[in-house]
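Close look at the chain arrangement
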Amino acid sequence: MNWIRLLALIIKELLAAFRDPRARLALILPPVLQFFLFAFAATLEISNVPIGVLNHDWGTASTQLMARFERASAFSEIRRYGSVAEAQVAIDRQDVMVVVQIGQDFSRTLAAGETAKIQVLLDGRKSNGAQIVNGYVSSIVTRFAIDYKLGTAMTQASEIVERSWYNPNRDYRSAMIPTLIGSLTMASVLMIVGMSVARERELGTFEQLLVSPLQPFEILIGKAVPGLIVGMGQGILIALITVLAFGISLTGSALVLVVGLVVFLLAVIGVGLFISSLVSNQQQAMMGIMVFMMPAMMLSGFTSPVQNMPAWLQPIAMANPLVHMIVILRGVFLRDMPFSLVAERLWPMALIAVVTLSAAAWLFQRRTQ
Amino acid sequence: MSTQGRAGARWRRIRALVIKEARQLIRDPSSLVVGFVLPVLLLLLFGFGISFDATRVKVGLVIEAPSPDTAWFFASLSNTPFFEVHQTTDRRVFYDDLAAGRLNGLIALSGDFTERLARGDSAGVQVITDGSDPNTANLISGYVLGAWNSWIQQRALTAGQTTAAFITIEPRFWYNPELESRRFLVPGSIALILMMIGALLTALVVSREWERGTIEALLATPVGTVEFIIGKLVPNFLLGLCAMAVCILAALFVFHIPLRGSLIALIAFTSVFLIVALGIGLLISTVARTQFLASQIALLLAFLPGLYFSGFLFEVASMPAALRAFSAIVPAKYFVRGLQTIFLVGDVASVLVPCTLALLAMGAILFALTARNTRQRLD
Amino acid sequence: MTATWHVSASQGLAAMADPTTLVTIDALTKSFRTDGLPALSELTTSIKAGQVTGLVGPDGAGKTTLMRLMAGLMLPSAGRIEVCGFDTVTEAAAVHEVIGYMPQRFGLYEDLSVIENLTLYADLRGVVGQQRAETFDKLLVFTDLERFQPRLAGALSGGMKQKLGLACAMLKSPRLLLLDEPSVGVDPISRRELWKMVYTLIGEGVGVVWSTAYLDEAENCAEVIVLNEARALFQGDPKVMTASVVGRVFQVRGAIGDKRALLVAALKRPEVIDGVMQGATVRLVIGNDQTLPSKADLGAVEGSEVVSATPRFEDAFVAMLGGQPKRRLLLETRPQSTDNQSLPVTAKSLTKCFGSFTAADNISFDIKRGEIFGLLGPNGAGKSTVFKMMCGLLRLTSGSALVDGLDLMKSPSAARARLGYMAQKFSLYGDLSVSQNLDFFAGAYGLSGQKKRDAIKRVVAAFDLASQLQVNAGGLPLGFKQRLALSCAIMHEPPVLFLDEPTSGVDPLTRREFWSFINAMVARGITVMVTTHFMDEAEYCDRVALIYRGKNIAIGTPEELQNMVRTAELPHPTLEDAFIGLVHQHDGALT
């Protein structure tokens, strides 16, 4: 290997990635936009939603229960409906996700010391949100029932003490933002690495490279290193923003984070180079990147957990480097993951890197001869 | 030339352009990717890959002092479809599993659980969830609460007690009682697929003519702007309808999603959305002269807003006010709302009419902008 | 061939009423940016029916802009154009009914077949029914594309694409046919066939506008409009323009010794305004009212003779632009070995098979030190396959390729370090500045530290790049791009230089400048291999090999090739005649 040639190539690749205004835009705009989307829009949280009430009871118990709903932070306002038909229209039109129905003998039954019934009507079109809202309603009602039974003068001991570890407020942003170190760097690195050979083929500069004394594997390394540099830079930048701007502290070791990032990026670069050596123009490269990236992002566990996937899909998900990286990222940021557990996720990524890089090298050698 | 002859010539031109476009669509690999591969991929991803159905949540049950009551509670937890329950007496055993992500949460029954229960006191149940996955944590909370309430009730009934002032909660999940997330994810993915075909493919096929220089020869013939646009729209519209048919068939027969509304309403409503998507594609094509640029803009302007702001995946109501306001101009939002309603509820006019009107208004604006910006010349 | 074209009665009458003028252009100006220089400036001219009007000028002179303006595809910034009596701004639709237009890349849908392309344009132009059947029959015979109907347009050769493009433009017998650079990327044989087709058309009263950067094509036109830097330099009969240099053109022939040294010496004389190599001879043009310097002053040796030559359009064109720029080349390359007997480039039985198709069949040649060697051949004949094998871009099926004694297959990296390569289209990094490009290529050839700084300094000085160092390579004027490409190719001082159609589509002045660089390097012992199908480039070669259907069908000096086709009917064959004649001879021998 000739270091002078390699260095010249790496410098050129970095310059090329940032001097072309189009490439620069494709490199900078999507990550910035995605960062804000992920940070503020990618949430499954339910807060600030209106709650519907269908109350036929005029007793004190129901009034007190209403007051509890009103105070709850999850709900923005109470909308009262007069009949089931009215409530159904409201749910159909998605004005409210939930209507709590209280029968006319609610207060009387409770006062008589008997079991009262509350019906909760939920919009099943959004099954996830509906279940969460149902959880909110149940815990408010349960708390109310206990307090009612024990009388407000007594200690407000609740039956279930609930705590969340690693992210006590179950804050979406804390869970989401660290994963951007994986997903955004993946997008950028795939763009840089996946497009670079195709762009050179299109511009006709690729032959110019091939007739220089640069050897195919040197060209391959020259294409890989800038991806690693940009990916590392971007990853560390996002990590800093996560810690400094969003106040999400890094509970684990920064060194482990960096090691994980390097292995992850190598795997992604392998995929990028593989796409690159397969396609002949930028348009095809773009398509190839999309066909890989969409499933990789969706099946990474950032929106819905990998364990919810059907059994046949789970082994396939293991071939996605982002799945492992997201576990590592949430681990080192939120739960102080020990290195032994990180290692369980490092070796699959290393394996992916070895396989994709050698496949790319083989294909590249074949296509340049 | 007579008016009739002129109209005849115009139809012939449009027909020729449509045939040409259809041939190219079938022969170009990138059209195939956008028109066939990506839709199938998206449908599979949203049908199988993404699921909020936490049906086998792994929880650890810590029983510090076993008793018939604790065994009974364990059995009742295990009987629900939500949990895969592991049991131990020492909670520290589970701490590592929680840290490694092998457990999603743990439920601890205190040493005096049985005594407190007998006294009718609060029983000392502790739930610890893994907050690094907030959604699953929220679901576990709800499930545990529900399981606990029903167990207490059952226990009281068995014991012949009438517990004082107890409230039972009876949740009824309308339209999706099985609580399958697939039922709202698949209609949502149809929106993304149609957006992809409408916007991305249309923008690509127009910019391709610029990139390859074929537009120059075309513009020098008697073809007018309107004819050119119709020539591009018709094949993509038909392809969109085909994609829609595939999606609907897959939704009904592969993913077993009920269709409670009418097929006619479904097709009509989807066609309206398709027109909006095509409008976005055409508008992009008036700006983008290369396929690369066109695909970038289409992804940023059509796909990402559809994914984030249509409300099928993420909760728009919980977003900051500015983003909520932005979601009002995302066509996919109206489409997803209407589509979920047609599939799961029925032909509800109070939902469909406003959504259709909103989409039509957007379509009108998009086509007006396209007509204004389309140039019949090269400069 | 007797072809009759449908000319409707009304069109026929109009043509008769005004037989001469089809297009009137009045004070036409077109600027793309308000602040920038105009692409066309105050052009006033007219185009007549029944003849070919050549639109001649270097790249960027405004030829394509004028074509698009005439086709109503662009709006003039000032002035107006009338085509067949219709204004291109207000009556563009009517203009589109009467013109045929073939844009630069032929406007074909490459993923549609030949017949699908034709059907599409027939529908768009309203050619239907019986008329369509007749037109198709005639055009398919005319263009000789009958056999290829089901083939995708993208799979056609350059010449066939061009014929198909022409057929599509001619479907509805246009009154005005606009052809934008139809000869780019087309070999001499196809070019001749195209001209034949165009002459058939003008016989039927069609007006043809043919734009080209190749000045030899101007001689085929009845009238030319010579564009340069947005202005018309000359309008009218090209013979009139050519006549302006009558008596000022000379050829030095015979035993002239070192022709390159002679050219350099001759150009040092102020009287000589232009000089080019023409095979073994040197062609010189002297300034107006100047007399030819003596043989001794020209540096011609004893035994050579200076004779008056028939002027060509190109001579007049260069003279009109004030002659060839005379700059001194400061290039100091490491003097190469003067041993003329060593063979820096050797091809031994090169063979390349793609599946069952043999792209190159047993091709052998040697190139001597300090020689310019040309690989000639029609498109798709296998010359670029041979070229790629010689660069190490393609693996050989059998045979061997040696550069400076090193086998390209056995030690590719070392062998490639001994050669400089310049690709056909400008292929440096357009988004990188000139100095970043130089840095990269110096590094890619393993130069570093002081060596690298020296190499860059040397080429910057030699090619006058100092003023452009910070400019993005993509934004350079064509001449500078050429210099930069050459700089990058020779920075590591290779003994061998490979050029792939280095000056195709380049204006005559830039081409002369480029070849003066090459000649200077050859004088210092560098060996050059060129692949081309342009005779202008072939004229600079000492020896050429003619590649056809994967075989080397002739090899020798340009004169030797010309002698092979010399007959009584053709006593003074040009190199193009030789090219076409030898290809036909080979075809004849096969059948």
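Calculation notes
Residues numbered from 1 in each chain as written. Chains lettered and ligands numbered in written order. Predicted model: local features only at pLDDT ≥ 70, side-chain atom pairs only at ≥ 80, totals over all residues. Heavy atoms only, no water. Helix = DSSP H or I, 4+ residues; strand = E, 2+ residues; numbered from the N terminus. Rg over C-alpha atoms; globule rule 2.2 N^0.38 Å. Contact = heavy atoms within 4.5 Å. Areas by Shrake-Rupley, 256 points an atom, 1.4 Å probe, with all protein chains shown as cover. Lys, Arg positive; Asp, Glu negative; His and termini not counted. Charge placed at Lys NZ, Arg CZ, Asp CG, Glu CD. Core = buried A, V, L, I, M, F, W, Y, C linked by side-chain atoms within 4.5 Å. Buried < 20%, exposed > 50% of the residue type's maximum accessible area, 1.4 Å probe, protein only. Buried area = accessible area lost by both parts, 1.4 Å probe. Salt bridge = Lys/Arg side-chain N within 4 Å of Asp/Glu carboxyl O. Polar contact = N/O pair within 3.5 Å; in protein donor to acceptor, adjacent residues only side chain to side chain. Nonpolar A, V, L, I, M, F, W, Y, C, P; charged D, E, K, R; others polar. Pairing = 2+ DSSP bridges. Domains from an automatic or database assignment. Expected span 1.5 Å × (residues − 1). Axes fitted to C-alpha atoms, helices over the stretch in contact; angles between N-to-C directions. pLDDT = per-residue confidence, 0-100. Phe/Tyr/Trp six-rings, centres within 6.5 Å; stacked < 30°, edge-to-face > 60°.

**A closer look at the overall build of chain C**
Looking only at helices and strands, one finds 20 helices and 24 strands in chain C. The C-alpha atoms of chain C give a radius of gyration of 25 Å, which matches the 25 Å a tight globule of 591 residues would have. For chain C, the proportion of contacts with a sequence separation of at least 24, taken over those separated by at least 6, is 71%. For chain C, the exposed area adds up to about 22,500 Å²; of that, 52% sits on carbon and sulfur atoms. Side-chain charges of chain C comprise 59 positive and 63 negative groups, with the mean position of each set lying 6 Å from the other.

**A few points about the overall build of chain B**
In terms of regular secondary structure, chain B is built from 14 helices and five strands. Computed over its C-alpha atoms, the radius of gyration of chain B comes to 28 Å, more than 25% above the 21 Å expected for a compact globule of 379 residues. With the principal axes as the frame, chain B shows a C-alpha extent of 100 × 40 × 40 Å. For chain B, the accessible surface area stands at approximately 13,800 Å², while carbon and sulfur atoms represent 65% of it. Both charge centroids of chain B, one from 30 positive and one from 24 negative side chains, sit 16 Å from each other.

**Looking at the nonpolar core**
Judged by nonpolar contacts, the single largest core of 393 residues is most densely connected at F498 and I518 of chain C. Broken down by element, this core gets its largest block of residues, 19 residues, from helix α7 (residues 182–212) of chain B. Not counting residues within four places of it along the chain, the set of residues in contact with F498 of chain C comprises V345, F387, M390, C391, V403, L419, G420, Y421, M422 and M529 of chain C.

**A look at the interface of chain A and chain B**
Contact with chain A, which involves 98 residues of that partner, is made by 102 residues of chain B. Both faces considered, chain A and chain B share a buried interface measuring about 9,000 Å² in area, 63% of it formed by carbon and sulfur atoms. At the junction of chain A with chain B, the criterion picks out one salt bridge. The residue R335 of chain A makes a salt bridge to D130 of chain B at a minimum N-O spacing of 2.7 Å. Between chain A and chain B we count 10 residue pairs in polar contact (both at pLDDT 80 or more) in total. Ranked by the residues each element gives to the side of chain A that touches chain B, the list is headed by helix α6 (residues 127–150) of chain A, at 17 residues. Across the side of chain A that touches chain B, the residue classes tally to 52 nonpolar, 28 polar and 18 charged. With eight bridges joining them, strand β4 (residues 116–123) of chain A and strand β5 (residues 167–174) of chain B adopt parallel strand pairing.

**Focus on the interface of chain C and chain A**
With 28 residues of chain C in contact, the opposing surface of chain A contributes 25 residues. At the boundary of chain C with chain A, total buried surface from both sides reaches about 2,500 Å², with 58% on carbon and sulfur atoms. At the boundary of chain C and chain A, one finds one salt bridge. Mapped by element, the contributors of at least two residues to the side of chain C that touches chain A are α12 (383–391), α13 (412–416), β20 (419–422) and α14 (434–444) of chain C.

**Topic: the domain arrangement of chain C**
Often, the extent of an interface is quoted as the loss of accessible area on bringing the components together. Here the domain parsing of chain C yields domain 1 (9–238), domain 2 (244–320), domain 3 (343–418 + 496–557) and domain 4 (428–493). Each of domain 1 of chain C and domain 4 of chain C has a C-alpha centre, and the two are 39 Å apart.

**Considerations on the pattern of salt bridges**
Overall, the coordinates contain 52 salt bridges over all chains when judged by the stated rule. Two residues, E116 of chain C and R27 of chain B, come together in a salt bridge whose shortest N-O distance is 2.6 Å. One end of the pair, E116 of chain C, is in helix α4 (residues 114–124); the other, R27 of chain B, is in helix α1 (residues 3–27), on a second chain. A relative accessible area of 12% means that E116 of chain C is categorised as buried. On the basis of relative accessibility, which here comes to 35%, the residue R27 of chain B falls in the partly exposed class. Two residues, R269 of chain C and E271 of chain C, come together in a salt bridge whose shortest N-O distance is 3.3 Å. Residue class for R269 of chain C comes out partly exposed when judged on its relative accessible area of 25%. Several salt bridges converge on common partners, so that one network encompasses R191, R192, D216, E217, E576 and D577 of chain C.

**Structural notes on unusual backbone geometry**
Positive phi is not limited to glycine here, since D336 of chain A has a value of about 50 degrees. Residue position: D336 of chain A is located in the loop between α13 (321–334) and α14 (339–367). The phi torsion at D464 of chain C lies on the positive side, around 55 degrees, for a residue other than glycine. With respect to the secondary-structure elements, D464 of chain C resides in the loop between α15 (449–462) and α16 (478–490). Its relative accessible area of 41% is what places D464 of chain C among the partly exposed residues.

**Quick look at the domain arrangement of chain B**
Here the domain parsing of chain B yields domain 1 (10–50 + 180–373) and domain 2 (57–158). Measuring from the centre of the C-alpha atoms in domain 1 of chain B to the corresponding centre in domain 2 of chain B gives 47 Å.

**Thoughts on the side chain of S183 of chain A**
Assignment of secondary structure puts S183 of chain A in helix α7 (residues 172–203). By relative accessible area, which is 3% here, S183 of chain A ends up buried.

**Focus on helix α11 (residues 282–298) of chain A**
With 17 residues, α11 of chain A should cover 24 Å at 1.5 Å per step; its first-to-last C-alpha distance of 24 Å lies within 8% of that length. Within α11 of chain A, 13 of the 17 residues are buried, which leaves the element mostly enclosed by the surrounding structure.

**Things to note about the sheet that holds strand β11 (residues 249–254) of chain C**
All names here are of chain C. Spatially, β12-β13-β11-β14 is the arrangement adopted by the four strands of the open sheet, whose pairing is antiparallel. This sheet does not close on itself; its edge strands, each paired only once, are β12 (272–278) and β14 (304–308). Pairs of neighbouring strands in the sheet enclose a mean axial angle of 25 degrees, with direction left out of account. As defined by bridge partners, β11 adjoins strand β13 (residues 281–286) across four bridges and the pair is classed as antiparallel. Across the sheet, the residue bridging to F250 is L284, located in β13.

**With respect to the sheet that holds strand β2 (residues 40–48) of chain C**
All names here are of chain C. With antiparallel pairing, the four strands of this open sheet are ordered in space as β2-β1-β4-β5. Every interior strand has two partners, whereas the edge strands, β2 and β5 (86–87), have only one. Pairing of strand β1 (residues 21–30) with strand β4 (residues 78–83) involves five bridges; the strand directions are antiparallel. When the sheet's bridge partners are listed, T29 is paired in β4 with A78. Each of β1, β2 and β4 is contacted by helix α2 (residues 63–70), which is oriented at about 120 degrees to β1, the strand it contacts most.

**Considerations on the confidence of the model for chain B**
Here chain B averages 84 in pLDDT, while 96% of its residues score no lower than 70. By mean pLDDT, helix α5 (residues 113–119) of chain B is the weakest element of chain B at 75, and helix α10 (residues 263–287) of chain B is the strongest at 92.

**Some points on the packing of aromatic side chains**
Residue and element names in this part refer to chain A. Scanning the entire structure with this criterion turns up 26 aromatic pairs over all chains. Seen in terms of ring centroids, F40 and F246 are 6.3 Å apart; in terms of plane orientation they differ by 50 degrees. Their pairing is tilted. Highlighted residues: F40 in helix α2 (residues 21–41) and F246 in the loop between α9 (216–244) and α10 (254–278), separated in sequence by 206 residues. Relative accessible area serves as the criterion here: at 26%, F246 is assigned to the partly exposed category.

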